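Observations on the model geometry
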Amino acid sequence: KRKGTHISFWSAEDFRGFVEMIAVKNGVNTGKANAIQTFTDKDSSEEFIYRFDISMGSINSTGEPYLHIRKIPKEKKTVKDLIAMQMLDGRLAEYLCRRRKEGYLIICGKNGSGKTYLLNALLDEIPDEESVLVVQENEELFSSRHPDMMFQHIEVRYGLKELVINGLLTDIDHMIIGEIKGEEALYFISAALSGCTGMTTIHSADAAGALDKLADYCKWASDYSREEIFKMLSCVKTLVFVKDFQIKEIVENHGENRLELVYDKVKGVNQL
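Report follows, based on the coordinates. (Residues numbered from 1 in each chain as written. Predicted model: local features only at pLDDT ≥ 70, side-chain atom pairs only at ≥ 80, totals over all residues. Heavy atoms only, no water.)

1. A closer look at a negative patch on the surface
Which entries qualify depends on this criterion: Residues qualify for a patch when their relative accessible area is over 30% and they have no salt bridge, like charges being joined within 9 Å and the nonpolar side chains of Val, Leu, Ile, Met, Phe, Trp and Tyr within 5 Å. For the accessible areas, the method is Shrake-Rupley and the probe is 1.4 Å, while residue cover comes only from the protein chains on display. The working definition used for a salt bridge is a side-chain nitrogen of Lys or Arg within 4 Å of a carboxyl oxygen of Asp or Glu. Counting rule for charge: Lys and Arg are taken as positive, Asp and Glu as negative, and neither His nor the chain ends is counted. We put the charge of a Lys on NZ, of an Arg on CZ, of an Asp on CG and of a Glu on CD. The secondary structure listing takes helices from DSSP runs of H or I that are at least 4 residues long and strands from runs of E that are at least 2 residues long, numbered from the N terminus. The cut-offs for exposure are 20% and 50% of the maximum accessible area for each residue type, with area from a 1.4 Å probe on protein chains only; residues under the lower value are buried, those over the upper are exposed, and the others partly exposed.
Negative charge collects at one region of the surface, where Asp-223, Glu-227, Glu-228 and Glu-256 lie side by side. Tracing the chain through its elements places Glu-256 in the loop between strand 10 (246–253) and strand 11 (259–264). With a relative accessible area of 51%, Glu-256 lands in the exposed category.

Next comes the structure, spelled out in structure tokens:
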């Protein structure tokens, strides 16, 4: 829910100084060659991880910077917490844990819908004896209890694609990507074809659309036909659509883009 605040700045110059101070404090260069920056601050608060997205005035039509701050609680929400918050119920939670074992599970929705909260909670449902690699753009996914879970984030020369490719050289059972937005999709799928299972999030308007989005991303990074890509995407077994912090829709993929709607909160469909 969007609400106004009483926060304001003395002047445009005061606001620019605030944005620049945040960037400098986090070791980030916001010159013209680096006018878009995203990064996390895990140290300033005992309660929250802060994710910052900055775009500087050199690319904004107003000539002033834009600053987005997202707070991620350091005390992460568990599946039980999300059930209490009515994101899902116990039966849905059991279903997701079972489907995660059967193949790739994709959580989709718009910004701020609750995708990351759900993925973060499901991380801690992975058994201790199974090895996990988590790669992400910003450090939002974490676990304080799993004994064999590695976490990596992007750097200047190492994007999600490079981290996923390197992950294929390691002994892991699960590949997790915080959010797929490009060619890393192809290498995420390659991990499945090498025997891993995994989870990720993706922006999509509904559950079925997430598979098309993945196919598009794979196509950008390869000369595979869409038919070949959809054959590879048979490793994606479950597509979960989240909206307004609730699971609204679940689709199962039976291979080659044969989709079955098994849950729709609005339409009253529940085949779980």
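There's plenty left to go through after this.
2. A look at empty space enclosed by the protein
So the rule is basically this: Computed over the protein atoms alone on a 1 Å grid, cavities are sets of points where a 1.4 Å probe fits but cannot get out and pockets are open sets with protein on both sides within 12 Å along at least five of seven lines; a residue lines them when it has an atom within 4 Å of a point. Grid points are joined across faces, edges and corners, and a volume is the space filled by probe spheres set on the points. Residue type decides the class: Asp, Glu, Lys and Arg count as charged, Ala, Val, Leu, Ile, Met, Phe, Trp, Tyr, Cys and Pro as nonpolar, and the leftover types, Gly among them, as polar.
Taken as a whole and assessed by the stated rule, the structure comprises 1 cavity of 30 Å³ or more. By volume, the largest cavity amounts to about 70 Å³. What lines the largest cavity is simply Arg-70, Ile-72, Pro-73, Lys-76, Lys-77, Thr-116, Tyr-117, Asn-120 and Phe-142. Those elements giving two or more residues to the lining of the largest cavity turn out to be strand 3 (66–73) and helix 4 (115–123). Across the lining of the largest cavity, the residue classes break down as 4 nonpolar, 2 polar and 3 charged.

3. Some details on helix 5 (residues 160–167)
The condition that has to hold: Note that the arc is defined by the directions from the helix axis to the C-beta atoms. Only heavy atoms enter the contact rule, under which two residues are in contact if any of them lie within 4.5 Å.
Inspection of helix 5 places Leu-160, Leu-163, Val-164 and Gly-167 among the buried residues, and these make up the whole buried set. Looking down the long axis of helix 5, one finds its buried residues gathered within 95° of arc, a one-sided arrangement. On its buried side, helix 5 packs onto strand 5 (132–136), strand 6 (149–153), strand 7 (174–177) and helix 6 (184–193).

4. Examining the nonpolar core
Note the threshold: Buried residues of nine kinds, namely Ala, Val, Leu, Ile, Met, Phe, Trp, Tyr and Cys, make up a nonpolar core once their side-chain atoms join them within 4.5 Å.
Ranked by size, the top nonpolar core spans 36 residues in total, and within it Tyr-104, Ile-189, Leu-233 and Val-236 carry the most contacts. Elements with a minimum of two residues in this core: strand 4 (104–109), strand 5, helix 5, strand 7, helix 6, helix 7 (207–220), helix 8 (226–232) and strand 9 (236–243). Broken down by element, the residue count for this core peaks at 7 residues, all from helix 7. Once residues lying within four places of it in the same chain are set aside, the contact partners of Leu-233 are Ile-189, Leu-211, Leu-214, Ala-215 and Asn-253. In this structure, Leu-88, Leu-92, Leu-141 and Tyr-263 belong to the second largest nonpolar core, which totals 31 residues.

5. Considering the sheet that holds strand 2 (residues 48–55)
For the record, the criterion: Whether two strands pair depends on DSSP finding at least two bridges between them. Here, axes are lines fitted to C-alpha atoms. For helices the fit covers the stretch in contact, and angles between N-to-C directions go from 0 to 180 degrees.
The strand order across the open sheet formed by 3 strands is 1-2-3, and the pairing between neighbours is antiparallel. If you trace the sheet from one side to the other, it starts and ends with strand 1 (36–41) and strand 3, each paired once. The average angle at which neighbouring strand axes cross in this sheet is 15°, direction not considered. Of the pairings in the sheet, the one linking strand 1 to strand 2 comprises 6 bridges and is antiparallel in character. Each residue of the ladder has a partner; that of Thr-40, found in strand 2, is Arg-51. In the packing of helix 1 (residues 12–25) onto the sheet, contacts are made with strand 1, strand 2 and strand 3, and the angle to strand 3 comes to roughly 50°.

6. What about the environment of His-153?
Quick note on the threshold: For the purposes of these results, a polar contact is taken to be a pair of N or O atoms within 3.5 Å, where, inside protein, one atom must be able to donate a hydrogen and its partner to accept one; residues adjacent in sequence count only when each atom of the pair is a side-chain atom.
One can find His-153 in strand 6. Along the sequence, His-153 and Phe-15 sit 138 residues apart, while their C-alpha atoms lie 29 Å from each other. Look past the residues within four positions of His-153 in its chain and what remains in contact with it is Gln-136, Glu-137, Glu-139 and Leu-163. Within the local environment of His-153, its side chain forms a polar contact with the side chain of Glu-155, the two groups lying 3.5 Å apart.

7. As for the pairing of strand 5
Most of strand 5 sits out of view: 5 of its 5 residues are buried. Every second residue of strand 5 is oriented toward a common face, with Val-132, Val-134 and Gln-136 on one face and Leu-133 and Val-135 on the other, all of them buried. As judged from the 5 bridges shared by strand 5 and strand 6, these two strands associate in the parallel manner. Paired with Val-135 across the strands is Gln-152, a residue of strand 6. Sheet analysis places strand 5 next to strand 7, joined by 4 bridges and oriented parallel. What sits directly across from Val-132, in strand 7, is His-174.

8. Considering the environment of Glu-184
Here Glu-184 lies in helix 6. On the accessibility criterion, Glu-184 (8% relative accessible area) is buried. Residues Glu-184 and Ser-113, 71 residues apart in the sequence, show an inter-C-alpha distance of 22 Å. Not counting chain neighbours up to four residues away, the residues in contact with Glu-184 comprise Leu-160, Lys-161, Ile-177 and Glu-179.

Keep in mind these numbers describe shape, not what the thing actually does.
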